[in-house]
Amino acid sequence: METKIAVIGAGAWGSTLAFLAKANGHQVHLWSRQSSSTLADVLADADIVVSAVSMKGVRPVVEQLRSLSLGKVIFVTATKGLDPSTTCTPSQIWQAAFPANSVVVLAGPNLSKEIQAGLPAATVVGSNDMAAAKLVQTLFNSSRFRVYTNDDPLGVELGGTLKNVMAIAAGACDGLQLGTNAKAALVTRGLAEIIRIGNHWGAKTDTFYGLSGLGDLLATCNSPLSRNYQVGYGLAKGKKLTEILANLEGTAEGVNTSQVLVHLANQQGIYIPISAQVDRLLKEEVTPQAAVDSLMLRDVKPETHLP
Ligand SMILES: NC(=O)c1ccc[n+]([C@@H]2O[C@H](COP(=O)([O-])OP(=O)(O)OC[C@H]3O[C@@H](n4cnc5c(N)ncnc54)[C@H](OP(=O)(O)O)[C@@H]3O)[C@@H](O)[C@H]2O)c1
Ligand SMILES: O=P(O)(O)OC[C@H](O)CO
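About the criteria used
- Residues numbered from 1 in each chain as written.
- Chains lettered and ligands numbered in written order.
- Predicted model: local features only at pLDDT ≥ 70, side-chain atom pairs only at ≥ 80, totals over all residues.
- Heavy atoms only, no water.
- Helix = DSSP H or I, 4+ residues; strand = E, 2+ residues; numbered from the N terminus.
- Contact = heavy atoms within 4.5 Å.
- Pairing = 2+ DSSP bridges.
- Axes fitted to C-alpha atoms, helices over the stretch in contact; angles between N-to-C directions.
- Core = buried A, V, L, I, M, F, W, Y, C linked by side-chain atoms within 4.5 Å.
- Buried < 20%, exposed > 50% of the residue type's maximum accessible area, 1.4 Å probe, protein only.
- 1 Å grid on protein atoms, 1.4 Å probe; cavity = no way out; pocket = protein on both sides within 12 Å on 5 of 7 lines; lining within 4 Å.
- Points joined across faces, edges and corners; volume = space filled by probe spheres on them.
- Nonpolar A, V, L, I, M, F, W, Y, C, P; charged D, E, K, R; others polar.

**Points about the environment of Val-147**
Mapped onto the secondary structure, Val-147 falls in strand β7 (residues 145–150). Sequence separation of Val-147 and Ala-122 is 25 residues, and the distance between their C-alpha atoms is 5.7 Å. Setting aside residues no more than four positions away along its own chain, Val-147 makes contact with Thr-123, Val-125, Gln-137, Phe-140 and Asn-141.

**Observations concerning the sheet that holds strand β2 (residues 27–31)**
In spatial order, the strands read β2-β1-β3-β4-β5-β6-β7; together these seven strands make up an open sheet with mixed pairing. The sheet terminates laterally at β2 and β7, the two strands that pair on one side only. When strand polarity is set aside, the average angle formed by the axes of neighbouring strands in this sheet is 25°. Docked against the sheet, helix α6 (residues 130–140) engages β1 (4–8), β3 (48–51), β4 (74–77), β5 (103–107), β6 (121–126) and β7, running at close to 175° with respect to β7. Docked against the sheet, helix α7 (residues 153–175) engages β4, β5, β6 and β7, running at close to 35° with respect to β5.

**Quick word on the nonpolar core**
Side chains of nonpolar character tend, in soluble globular proteins, to be buried together. In this structure, Val-231 and Leu-282 are the most contacted members of the largest nonpolar core, which totals 41 residues. Counting residues per element, the ones that place at least two in this core are α7, α8 (180–200), α10 (211–222), α11 (227–236), α12 (241–246), α13 (254–268), α14 (273–282) and α15 (288–296). By residue number, the principal contributor to this core is α7, which donates eleven residues. Listed in part, the 26 residues of the second largest apolar core include Val-28, Val-76, Val-104 and Leu-139.

**Details of the layout of surface pockets**
Of the pockets and cavities examined, the largest pocket occupies roughly 1,100 Å³. Looking at the largest pocket, it is lined by 40 residues, and the ones nearest its centre are Ala-12, Ala-52, Ser-54, Arg-227 and Thr-251. Of all elements in the fold, only α1 (12–23), α3 (55–66), α5 (112–116), α7, α10 and α11 reach the threshold of two or more residues within the lining of the largest pocket. The leading source of residues in the lining of the largest pocket is α3, at five residues. Here the residues of the lining of the largest pocket are counted per class, giving twelve nonpolar, 19 polar and nine charged. Quantified by volume, the second largest pocket comes out at close to 690 Å³. Lining the second largest pocket are 28 residues; nearest its centre among them are Leu-186, Ile-274, Leu-295, Met-296 and Arg-298. Of all the secondary structure elements, the ones that give two or more residues to the lining of the second largest pocket are α7, α8, α14 and α15. Residue contributions to the lining of the second largest pocket peak at six residues, all from α8.

This is how it looks when you write it as structure tokens:
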């Protein structure tokens, strides 16, 4: 059955999600600030509203939608970030603005260029409303895009968000040519750090071993297609952050996420050694090699995700 889907945000990810839904035979309207149609027109009659704007666009878009009467639409959020002013996740912002509507989080190892090239990929749709998650699953699932459901939306969202910080570290690791052992150690301990943060905020450990956690961590920490990886790689090669961002194709959410994360973790006493070094590196408070040395020279400890 044809479903009416409005996709907000015509960047790399919004365009790809619109393409996948169209390929499944749905009626899809894509909106960006450059569109000639108004947001109200694009959303009229929509059954599903997919938001794929970058983090900085979430609040402005939510505010515009508040004035529209949208009925029982299901919101699907595909943004991976944390709001700097409130520290909320995108789904928390959507749910707070539309408490009567179902919100579904979509996240996974989904480098848009590979999907656009027709390569197979898998993702996760997480929600407190499993009926809504199952509906969204059927809308996007295909022979090239396998969609799983999950009942831990916060875990799904945090996996996708926190791995961006680790991808910056991984890019720096490769830029410094530290080798495969170092990269494996970084990704493994990065996952432990993500689980520690996620558990503290109420997400389930198991979720982080799934596609939106470990899966997305592996994809972004190993692919030069990842914008976050490119940021870390460029910093390790001695480039300035401003220069890297000016030449980047699209958004590297990890830059903002690391700042918000460090602020929250300091407030809440969460031990985040890798993310803290990434944040210092982005702020030019430490060189890439000094960040590595700080991590290697910490006190020894048991292997656990606990502090
Ligand atoms: N690309 C991927 O492979 C991928 C995969 C999974 C998830 N994601 C996540 O999806 C989100 C978007 O990524 P992207 O790669 O599509 O980024 P992008 O190519 O940089 O596009 C960002 C989009 O956000 C919109 N936007 C920014 N500020 C806005 C505002 N104030 N009001 C309305 N729209 C605004 C932009 O609109 P304009 O065009 O009008 O500037 C653009 O459509 C990010 O959170 C990213 O982490 C990306
Ligand atoms: O290019 P990145 O680093 O934003 O990564 C894109 C997606 O999050 C990969 O799943």
